[in-house]
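If you want the building blocks of each chain, they are given just below.
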Amino acid sequence: MIGLRSMEMALRTGPLAALLLSPLLTGCGDGDPNGNDTASHTGKSAAALSYDCTVTHETGYDQGVAFDIEVVTVAGFPVEIHTADALLTMMAAAENDGVYLTLNGAFRTYAEQEYFWNCYQCGCCNNGNPAAKPGWSNHQSGHAIDFDMSGSKGSWIFANAPSFGWSNAEGASVGENWHWDWWGGGSPNAYCTNALPIGYLDQADCDKVSGWAFDAEAGAGAIGAHVYFNGPAGSPSAHGVPLIASQNRDDLCGVVGSCNHGFAMNAPLSLLDGANHEVHAYAIDSTGGANPELSNSPRQLNCTGTLPAGVARWVTDPTSYAAWKFDAFQDSLPIAKTIVDAIPRSVDVPAAPVLVTDAGGKVYLVDGKVKRHVPNPTVMDVWRFDWNAIQAKTDAELAAFSDGPVVRNRPVLVGDSDGRVLLIDDEIAGAAGAGGAAGAGGSGGASSAGGSAGAKSGGAAGTKGGVAGKAGAAGIGGTPTNDGNGYASWNNSETGSCSLARAPVGSSGLAAIALVSAASLALRRRRRA
């Protein structure tokens, strides 16, 4: 079996498979999204357990033979690391029963054992208690513990310790009810022997952030991976995004023994501003222990965004913004408002997403009077659409909607000079208020009436759909109310903003394929419930 360090080396230098975009599990949040990503040790303790998993190396002895032994600290005593796991597992169980076990002795050095041996020989100290000669005690091998047997402790230990792998046979042979040995068994929890997860941050560029994370103790199971931008975990300036490392990676199969340990996410649009941004990634320990930073982390993200071709659709208020689960960090492209003001305007974004599916399992977004295919699960997740909200429709019901453009790969939000939040999207043909005759519907001015014709260059000649003069009043005119949380206040300074090139008009790059069959769709719903 290849060691974990060898695994990591092989994956660093070997060819890496192309990665898919990963769904985000939740909305992002500042700082640490899941507790302390830099915990100092593992722990599955009951409330009163006291232990420190910092390892020190001592010289142990077994049948007179010296060997290196790893020692940690439990309740103030040095304990061999594997014995510590077994001891802490039993102590936690005792605490659950209201019994708090304490120790009188554990690992001994040669000099300490020599003292007890001399006391036994002379009977002049340590009550003359029996002791093995130096080099032959199980205290020196790391497998013996002397317990405080007072009160209810002793009765609990005799009733329960054997089920945790502990034996009093050696102690009983010399009349010591407090001396117990552990040589394996009892299925101890990994308090201190926990192997830290490993992984690698492969990529952090204008397209995506990707890598892999693996925990041997989770086996083939996926673990979490947290990505932090603008600082390490715990930094006040850091913005954390939690992911699950569950994507297939063919290059991992033969090295770690399973394949589904990759993670990836879109580069956050808000960081595509031409400045340097640190990217830190961490593997999340499956047992609740330390969450180490991945190899090749941190990396630098330095990108200038490109404004995609399309029209601008107003997200009319905070309620609609929340219903769509838009995220300013992920979805908002920093761009000069003067550039945004020149983008052709179209019909407002619906108040909330409505998702439907046909008998074949294809999923559609209902957008006014059209239905728009959601081309694959990745797009579904990047838009943060709710899998459980998909409504089954008959072919007859779906026939009432005309076919619209495929849902884009990801949402792109921008802000204009009047404080509006706008979605860059495809034109929805035939939608009311989507354009109008030359000059009559394209003002989109600051007033609620829509402003004077042509003031915002919105309704150029030839724009399809709509009624002449209607676009400015219905979809463009007016200023949204600022809710005090910065919803309408984008503060995109004209100075320092990048002058962005428009992307060429084209398809989304993804085929309009069926998302899932009805059966697999139902399965996925259950899995996400």
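Residues numbered from 1 in each chain as written. Predicted model: local features only at pLDDT ≥ 70, side-chain atom pairs only at ≥ 80, totals over all residues. Heavy atoms only, no water.

With respect to the environment of Leu355
Test applied: Each helix is a run of H or I in the DSSP string that is no shorter than four residues. Each strand is a run of E no shorter than two, and both are numbered from the N terminus. For the exposure calls, accessible area comes from a 1.4 Å probe over protein chains only, and a residue counts as buried if that area is under 20% of its type's maximum, exposed if over 50%, partly exposed in between. For this analysis, residues touch if any pair of their heavy atoms sits within 4.5 Å.
By the secondary structure assignment, Leu355 is in strand S18 (residues 354-357). Residue classification places Leu355 among the buried positions, given a relative accessible area of 4%. Taking the C-alpha atoms as reference, Leu355 lies 9.4 Å from Arg372; in sequence the two are 17 residues apart. Ignoring sequence-local partners within four residues, the contact set of Leu355 consists of Tyr364, Leu365, Val374, Met380, Phe385, Asp386, Ala389, Ile390 and Gln391.

Quick word on the sheet that holds strand S3 (residues 65-74)
Selection criterion: Pairing between strands is defined by DSSP: at least two bridges between them are needed. Working convention: axes come from line fits to C-alpha atoms, limited for helices to the stretch in contact. Angles between N-to-C directions cover 0 to 180 degrees.
In spatial order, the strands read S2-S3-S4; together these three strands make up an open sheet with antiparallel pairing. The two strands at the open ends of the sheet, each matched to only one other strand, are strand S2 (51-62) and strand S4 (77-80). Across this sheet, the average inter-strand angle for adjacent strands is 40 degrees, counted without regard to direction. For S2 and S3, the ladder comprises nine bridges, and the chain directions are antiparallel. Following the sheet pairing, Asp52 is matched in S3 by Thr73. Against the sheet, helix H2 (residues 81-96) touches S2, S3 and S4, its axis set at about 110 degrees to S4.

A look at the nonpolar core
Where we set the bar: Throughout this description, the term nonpolar core refers to a set of buried Ala, Val, Leu, Ile, Met, Phe, Trp, Tyr and Cys residues connected via side-chain atoms within 4.5 Å.
Core analysis: the largest hydrophobic core is formed by 35 residues, its most contacted members being Val209, Val227, Phe229, Phe263, Val279 and Val414. Broken down by element, the residue count for this core peaks at four residues, all from strand S11 (residues 223-229). When neighbours within four sequence positions are excluded, Val209 is seen to be in contact with Leu201, Gln203, Ala204, Val227, Phe229, Phe263, Ala264, Met265 and Val279. Counting 32 residues, the second largest nonpolar core, distinct from the first, contains Ala86, Met149, Tyr191 and Cys192.

As for unusual backbone geometry
Between Ser297 and the following residue, Pro298, the backbone shows a cis peptide bond with an omega angle of 10 degrees. Of note, Pro298 is situated in the loop between strand S15 (273-283) and strand S16 (299-304). In the Ramachandran plot, Asn296 falls in the positive-phi region, its phi being about 70 degrees despite a non-glycine side chain. If you trace the backbone, Asn296 turns up in the loop between S15 and S16.

Some words on the pattern of salt bridges
Here is the rule: The rule for a salt bridge is simple: a side-chain nitrogen of Lys or Arg has to be within 4 Å of a carboxyl oxygen of Asp or Glu.
Counted under the stated rule, the structure contains 15 salt bridges. Each of Arg313, Asp367, Arg372, Arg408, Asp425 and Asp426 takes part in a single network of salt bridges with overlapping partners.

Side note on the packing of aromatic side chains
Pairs of aromatic rings are described using the distance from one ring centre to the other and the angle between the two planes. Short version of the rule: Any two rings among Phe, Tyr and Trp, with Trp reduced to its six-membered ring, count as a pair given centres within 6.5 Å; such a pair is stacked if its planes are under 30 degrees apart, edge-to-face if over 60, and tilted if neither. In this scheme, the term charge over a ring applies when either NZ of a lysine or CZ of an arginine sits within 6 Å of the ring centre and within 35 degrees of the ring normal.
Within this structure, the stated rule accounts for 15 aromatic pairs. Each ring, one from Phe158 and one from Trp180, has its centre 5.1 Å from the other, and the planes form 70 degrees; the classification is edge-to-face. In this pair, Phe158 sits in helix H5 (residues 152-160) while Trp180 sits in strand S8 (residues 179-182), placing the two residues 22 residues apart along the sequence. Residue classification places Phe158 among the partly exposed positions, given a relative accessible area of 42%. Through a chain of ring-to-ring contacts, the aromatic side chains of Tyr321, Trp324, Phe326, Trp383 and Phe385 assemble into a single cluster. It is Lys371 that lies over the ring of Tyr364; its NZ or CZ is 5.7 Å from the centre.

Things to note about the confidence of the model for the protein
Atom-level detail of predicted coordinates should not be read off regions where pLDDT is low. Definition in use: Values of pLDDT, which run from 0 to 100, indicate the predictor's confidence residue by residue.
Averaged over all residues, the pLDDT of the protein equals 77, while 72% of them reach at least 70. Low pLDDT (under 50) marks residues 1-47, which in the prediction has 117 contacts with non-local residues, meaning those over four places away or in another chain. The low-confidence segment residues 432-529, where pLDDT is below 50, has 211 contacts with residues more than four positions distant or belonging to other chains.

Considerations on helix H3 (residues 110-122)
Heads up, the condition is: Each helix should span, by expectation, one fewer than its residue count multiplied by 1.5 Å.
Taking 1.5 Å of rise per residue, 13 residues should cover 18 Å, and H3 covers 18 Å from first to last C-alpha, within 8% of that figure. Just downstream of H3, Gly123 is the residue with a positive phi angle, here 70 degrees.

Concerning the sheet that holds S8
Sheets are built from strands paired through backbone hydrogen bonds, the pairs being either parallel or antiparallel. Read across the open sheet, the four strands follow the order S5-S6-S8-S7; overall the sheet is antiparallel. Each end of this open sheet is capped by a strand with a single partner; those strands are strand S5 (103-105) and strand S7 (166-167). With three bridges joining them, strand S6 (residues 144-147) and S8 adopt antiparallel strand pairing. If you follow Asp146 over to S8, its bridge partner there is His179.

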